[in-house]
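The lines below spell out each chain.
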Amino acid sequence: MQFTAVLSRTVRMAWPTDRAEGSGLFDALPPLVDPARSVEWTVQCRGKPDHTGYLVSITPIDAAVRAWASTWHAAIESTECMRSLAAACAAAELPPLAGLSLRVSPQHAYYWDPAMPERLQLQLSFEFAASHRLALPGCSDAENQALFGKCSNPNGHGHNYRLDVTVTPHPSVPNTVATLETVVDREVMSRLDHKHLNLDCPEFADLNPSVEHIALVCRNLLQAPLRTAGLDLVSVTVWETAKTCATVQAAS
Ligand code: NI
(Lines give C-alpha, C1' and ligand atoms only; values in the text may rest on other atoms or scores of the structure.)
Protein backbone atom coordinates (compact mmCIF):
# COMPACT_ATOMS: atom_id res chain seq x y z
CA MET A 1 0.00 0.00 0.00
CA GLN A 2 1.61 3.24 -1.16
CA PHE A 3 0.68 6.46 0.54
CA THR A 4 2.36 9.69 1.54
CA ALA A 5 2.79 10.67 5.17
CA VAL A 6 4.49 13.41 7.17
CA LEU A 7 6.43 12.20 10.18
CA SER A 8 7.19 14.79 12.87
CA ARG A 9 9.81 14.26 15.53
CA THR A 10 10.63 16.71 18.33
CA VAL A 11 14.07 16.70 19.92
CA ARG A 12 14.35 18.56 23.22
CA MET A 13 17.67 19.77 24.58
CA ALA A 14 19.33 22.43 26.70
CA TRP A 15 20.66 25.41 24.79
CA PRO A 16 23.49 26.21 24.55
CA THR A 17 24.59 22.59 24.55
CA ASP A 18 28.16 23.12 25.68
CA ARG A 19 27.67 24.60 29.18
CA ALA A 20 29.70 23.21 32.05
CA GLU A 21 27.58 21.20 34.47
CA GLY A 22 28.16 20.35 38.10
CA SER A 23 31.89 20.88 38.12
CA GLY A 24 32.20 22.79 41.42
CA LEU A 25 31.45 21.87 45.02
CA PHE A 26 28.43 24.15 45.28
CA ASP A 27 27.01 23.55 41.81
CA ALA A 28 23.48 22.27 41.73
CA LEU A 29 21.77 20.39 38.98
CA PRO A 30 19.76 22.09 37.73
CA PRO A 31 21.59 25.27 38.67
CA LEU A 32 19.63 27.81 40.70
CA VAL A 33 20.51 30.45 38.15
CA ASP A 34 20.56 28.70 34.80
CA PRO A 35 21.95 30.52 31.78
CA ALA A 36 20.77 27.71 29.53
CA ARG A 37 17.25 27.13 28.38
CA SER A 38 15.40 24.21 26.95
CA VAL A 39 14.58 24.31 23.28
CA GLU A 40 12.66 21.92 21.05
CA TRP A 41 13.57 21.23 17.45
CA THR A 42 10.86 19.60 15.38
CA VAL A 43 11.77 17.88 12.12
CA GLN A 44 8.98 17.04 9.70
CA CYS A 45 9.76 14.54 6.94
CA ARG A 46 7.46 13.73 4.03
CA GLY A 47 7.42 10.59 1.91
CA LYS A 48 6.06 7.11 1.35
CA PRO A 49 6.42 4.62 4.22
CA ASP A 50 7.96 1.27 3.19
CA HIS A 51 6.78 -2.28 3.95
CA THR A 52 7.66 -1.80 7.64
CA GLY A 53 5.17 1.02 7.91
CA TYR A 54 8.01 3.43 8.69
CA LEU A 55 8.73 6.55 6.70
CA VAL A 56 11.85 6.94 8.80
CA SER A 57 12.97 5.72 12.18
CA ILE A 58 13.14 8.42 14.84
CA THR A 59 16.64 7.26 15.83
CA PRO A 60 18.50 8.82 12.88
CA ILE A 61 16.43 12.01 13.24
CA ASP A 62 17.45 12.37 16.87
CA ALA A 63 21.06 11.55 16.02
CA ALA A 64 21.18 14.05 13.15
CA VAL A 65 19.69 16.89 15.21
CA ARG A 66 21.92 16.27 18.23
CA ALA A 67 25.09 15.93 16.14
CA TRP A 68 24.24 19.12 14.25
CA ALA A 69 23.40 21.01 17.46
CA SER A 70 26.83 20.25 18.90
CA THR A 71 28.40 22.08 15.94
CA TRP A 72 26.10 25.12 15.69
CA HIS A 73 27.27 28.07 17.74
CA ALA A 74 25.58 31.02 16.00
CA ALA A 75 22.12 32.46 16.58
CA ILE A 76 19.37 29.86 16.47
CA GLU A 77 16.49 32.22 15.70
CA SER A 78 17.54 32.71 12.09
CA THR A 79 17.05 31.35 8.60
CA GLU A 80 20.77 30.51 8.49
CA CYS A 81 20.29 28.17 11.42
CA MET A 82 17.31 26.45 9.81
CA ARG A 83 19.15 26.06 6.50
CA SER A 84 22.09 24.55 8.34
CA LEU A 85 19.85 22.06 10.17
CA ALA A 86 18.11 21.22 6.89
CA ALA A 87 21.47 20.52 5.28
CA ALA A 88 22.39 18.26 8.20
CA CYS A 89 19.12 16.36 7.78
CA ALA A 90 19.86 15.92 4.06
CA ALA A 91 23.43 14.79 4.80
CA ALA A 92 22.00 12.20 7.20
CA GLU A 93 19.85 10.95 4.29
CA LEU A 94 16.57 11.59 6.07
CA PRO A 95 13.48 11.74 3.83
CA PRO A 96 12.71 15.13 2.24
CA LEU A 97 11.88 17.85 4.75
CA ALA A 98 8.33 19.16 4.99
CA GLY A 99 9.32 21.72 7.61
CA LEU A 100 11.39 22.59 10.64
CA SER A 101 10.37 24.37 13.80
CA LEU A 102 12.07 25.65 16.90
CA ARG A 103 10.21 26.21 20.16
CA VAL A 104 12.16 28.32 22.61
CA SER A 105 9.40 28.68 25.22
CA PRO A 106 5.77 27.59 25.64
CA GLN A 107 4.77 30.96 24.16
CA HIS A 108 7.39 31.40 21.48
CA ALA A 109 8.17 29.31 18.38
CA TYR A 110 9.69 29.65 14.90
CA TYR A 111 8.56 27.86 11.75
CA TRP A 112 10.59 27.29 8.60
CA ASP A 113 9.36 25.95 5.28
CA PRO A 114 12.04 24.55 2.90
CA ALA A 115 9.99 25.89 -0.01
CA MET A 116 10.62 29.42 1.33
CA PRO A 117 14.14 29.12 2.78
CA GLU A 118 14.64 32.86 3.29
CA ARG A 119 11.54 33.20 5.48
CA LEU A 120 11.28 32.36 9.16
CA GLN A 121 7.87 32.69 10.73
CA LEU A 122 7.53 33.66 14.38
CA GLN A 123 4.56 32.62 16.49
CA LEU A 124 3.87 34.16 19.89
CA SER A 125 1.07 33.04 22.19
CA PHE A 126 -0.93 35.43 24.38
CA GLU A 127 -3.79 34.99 26.83
CA PHE A 128 -6.81 37.03 27.65
CA ALA A 129 -9.88 36.49 29.79
CA ALA A 130 -13.25 37.61 28.53
CA SER A 131 -16.92 36.86 28.85
CA HIS A 132 -19.43 36.60 26.07
CA ARG A 133 -22.87 35.46 25.10
CA LEU A 134 -23.56 33.81 21.76
CA ALA A 135 -26.60 35.53 20.31
CA LEU A 136 -27.63 36.82 16.91
CA PRO A 137 -28.78 40.43 16.91
CA GLY A 138 -32.47 40.58 16.11
CA CYS A 139 -33.25 37.11 17.44
CA SER A 140 -35.34 36.52 20.54
CA ASP A 141 -33.86 34.87 23.64
CA ALA A 142 -35.79 31.71 22.77
CA GLU A 143 -34.44 31.70 19.22
CA ASN A 144 -30.87 32.24 20.42
CA GLN A 145 -31.30 29.52 23.04
CA ALA A 146 -32.43 27.15 20.28
CA LEU A 147 -29.39 28.06 18.16
CA PHE A 148 -26.65 28.19 20.80
CA GLY A 149 -27.95 26.36 23.89
CA LYS A 150 -26.22 27.25 27.16
CA CYS A 151 -23.75 29.44 25.23
CA SER A 152 -26.67 31.86 24.94
CA ASN A 153 -27.50 32.11 28.66
CA PRO A 154 -28.61 35.74 29.03
CA ASN A 155 -25.91 36.80 31.50
CA GLY A 156 -23.03 35.27 29.55
CA HIS A 157 -20.10 33.09 30.58
CA GLY A 158 -16.32 33.34 30.48
CA HIS A 159 -13.29 31.83 28.77
CA ASN A 160 -9.56 32.07 29.14
CA TYR A 161 -8.68 32.59 25.50
CA ARG A 162 -5.30 31.90 23.95
CA LEU A 163 -4.28 33.98 20.99
CA ASP A 164 -1.53 32.71 18.66
CA VAL A 165 -0.17 35.34 16.28
CA THR A 166 2.13 34.25 13.46
CA VAL A 167 4.18 36.84 11.58
CA THR A 168 7.01 37.04 9.11
CA PRO A 169 9.66 39.34 10.56
CA HIS A 170 11.54 41.81 8.44
CA PRO A 171 15.31 42.25 8.86
CA SER A 172 14.78 45.95 9.47
CA VAL A 173 12.88 45.24 12.72
CA PRO A 174 15.54 44.91 15.43
CA ASN A 175 13.47 43.13 18.07
CA THR A 176 10.63 41.21 16.53
CA VAL A 177 9.38 39.67 19.77
CA ALA A 178 9.16 42.98 21.63
CA THR A 179 7.56 44.69 18.65
CA LEU A 180 4.94 41.98 18.28
CA GLU A 181 4.18 42.03 22.01
CA THR A 182 3.76 45.81 21.96
CA VAL A 183 1.37 45.77 19.01
CA VAL A 184 -0.74 42.88 20.34
CA ASP A 185 -0.95 44.50 23.75
CA ARG A 186 -2.03 47.84 22.29
CA GLU A 187 -4.41 46.56 19.61
CA VAL A 188 -5.98 43.45 21.16
CA MET A 189 -5.30 43.12 24.87
CA SER A 190 -6.31 46.67 25.72
CA ARG A 191 -9.60 46.11 23.91
CA LEU A 192 -10.60 42.53 24.80
CA ASP A 193 -8.84 41.45 28.00
CA HIS A 194 -11.12 41.35 31.08
CA LYS A 195 -14.06 42.61 29.05
CA HIS A 196 -17.55 41.39 28.25
CA LEU A 197 -17.23 41.12 24.49
CA ASN A 198 -20.91 41.79 23.75
CA LEU A 199 -21.28 44.69 26.17
CA ASP A 200 -17.87 46.36 26.32
CA CYS A 201 -16.40 45.92 22.83
CA PRO A 202 -17.80 47.88 19.88
CA GLU A 203 -16.17 45.32 17.56
CA PHE A 204 -18.92 42.88 18.60
CA ALA A 205 -21.81 45.29 18.73
CA ASP A 206 -23.30 43.65 15.63
CA LEU A 207 -21.14 40.52 15.51
CA ASN A 208 -21.85 37.29 17.37
CA PRO A 209 -18.66 36.67 19.43
CA SER A 210 -18.02 33.10 18.28
CA VAL A 211 -14.41 31.94 18.35
CA GLU A 212 -14.34 32.31 14.55
CA HIS A 213 -15.48 35.93 14.80
CA ILE A 214 -13.03 36.66 17.64
CA ALA A 215 -10.20 35.39 15.43
CA LEU A 216 -11.46 37.57 12.59
CA VAL A 217 -11.62 40.64 14.83
CA CYS A 218 -8.10 40.00 16.11
CA ARG A 219 -6.85 39.60 12.52
CA ASN A 220 -8.50 42.87 11.53
CA LEU A 221 -7.17 44.72 14.58
CA LEU A 222 -3.62 43.48 14.06
CA GLN A 223 -2.83 43.32 10.38
CA ALA A 224 -2.39 47.01 9.52
CA PRO A 225 -0.61 48.03 12.77
CA LEU A 226 1.78 45.08 12.41
CA ARG A 227 2.54 46.14 8.83
CA THR A 228 3.26 49.66 10.07
CA ALA A 229 5.63 48.16 12.65
CA GLY A 230 7.44 46.15 9.95
CA LEU A 231 5.86 42.73 10.53
CA ASP A 232 3.75 40.83 8.00
CA LEU A 233 0.88 38.96 9.59
CA VAL A 234 0.52 35.33 8.47
CA SER A 235 -2.41 34.11 10.57
CA VAL A 236 -4.24 34.45 13.86
CA THR A 237 -5.50 31.50 15.90
CA VAL A 238 -7.84 31.93 18.87
CA TRP A 239 -8.27 29.03 21.29
CA GLU A 240 -11.52 29.10 23.24
CA THR A 241 -10.69 25.90 25.09
CA ALA A 242 -7.75 23.49 24.89
CA LYS A 243 -9.81 21.55 22.35
CA THR A 244 -11.36 24.31 20.26
CA CYS A 245 -9.70 26.97 18.15
CA ALA A 246 -10.26 28.99 15.00
CA THR A 247 -7.64 30.27 12.58
CA VAL A 248 -7.99 33.20 10.18
CA GLN A 249 -5.30 33.88 7.61
CA ALA A 250 -4.05 37.38 6.90
CA ALA A 251 -6.04 39.25 4.29
CA SER A 252 -4.28 39.39 0.92
NI1 NI B 1 -18.40 30.56 25.12
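Because the structure is a prediction, the values reported are computed rather than measured. (Residues numbered from 1 in each chain as written. Predicted model: local features only at pLDDT ≥ 70, side-chain atom pairs only at ≥ 80, totals over all residues. Heavy atoms only, no water.)

## Here's the deal with the packing of aromatic side chains
And then number 1: According to the stated counting rule, one finds 4 aromatic pairs in the structure shown.
And then number 2: Ring geometry for Trp68 against Trp72: centres 5.9 Å apart, planes inclined by 20°, an arrangement best described as stacked. Grouping residues by exposure puts Trp68 and Trp72 together as buried.
And then number 3: Here the aromatic rings of Phe128 and Tyr161 are separated by 5.0 Å at their centres, their planes lie at 20°, and the arrangement is stacked. A residue pair is termed long-range when its members are at least 10 positions apart, and Phe128 in strand β5 (residues 120-132) and Tyr161 in strand β6 (residues 157-168) qualify at 33 residues. Across the pair, exposure class does not vary: Phe128 and Tyr161 are buried alike. (Phe/Tyr/Trp six-rings, centres within 6.5 Å; stacked < 30°, edge-to-face > 60°. Buried < 20%, exposed > 50% of the residue type's maximum accessible area, 1.4 Å probe, protein only. Helix = DSSP H or I, 4+ residues; strand = E, 2+ residues; numbered from the N terminus.)

## Side note on the domain arrangement of the protein chain
And then number 1: In terms of domains, the protein chain is made up of domain 1 (5-118) and domain 2 (124-249).
And then number 2: The C-alpha-based centres of domain 1 and domain 2 are spaced at 32 Å. (Domains from an automatic or database assignment.)

## A look at the pattern of salt bridges
Note that side chains of opposite charge can pair when their charged atoms are close.
And then number 1: Tallied over the entire structure, the rule returns 9 salt bridges.
And then number 2: Put simply, Arg12 and Glu40 hold a salt bridge, and the shortest N to O gap is 3.5 Å. In this pair, Arg12 is assigned in strand β1 (residues 5-15) and Glu40 in strand β2 (residues 37-47), connecting sequence segments 28 residues apart.
And then number 3: In this structure Glu40 comes out as partly exposed when scored by relative accessible area, which is 26%.
And then number 4: A salt bridge links Glu203 to Arg191; the nearest nitrogen and oxygen atoms lie 3.3 Å apart. Of this pair, Glu203 sits in the loop between α5 (197-200) and α6 (211-228) while Arg191 sits in helix α4 (residues 176-192), and the two are 12 residues apart along the sequence.
And then number 5: Look at Arg191 and you get partly exposed, because its relative accessible area is 31%.
And then number 6: Salt bridges sharing common partners tie together Arg186, Glu187, Arg191 and Glu203. (Salt bridge = Lys/Arg side-chain N within 4 Å of Asp/Glu carboxyl O.)

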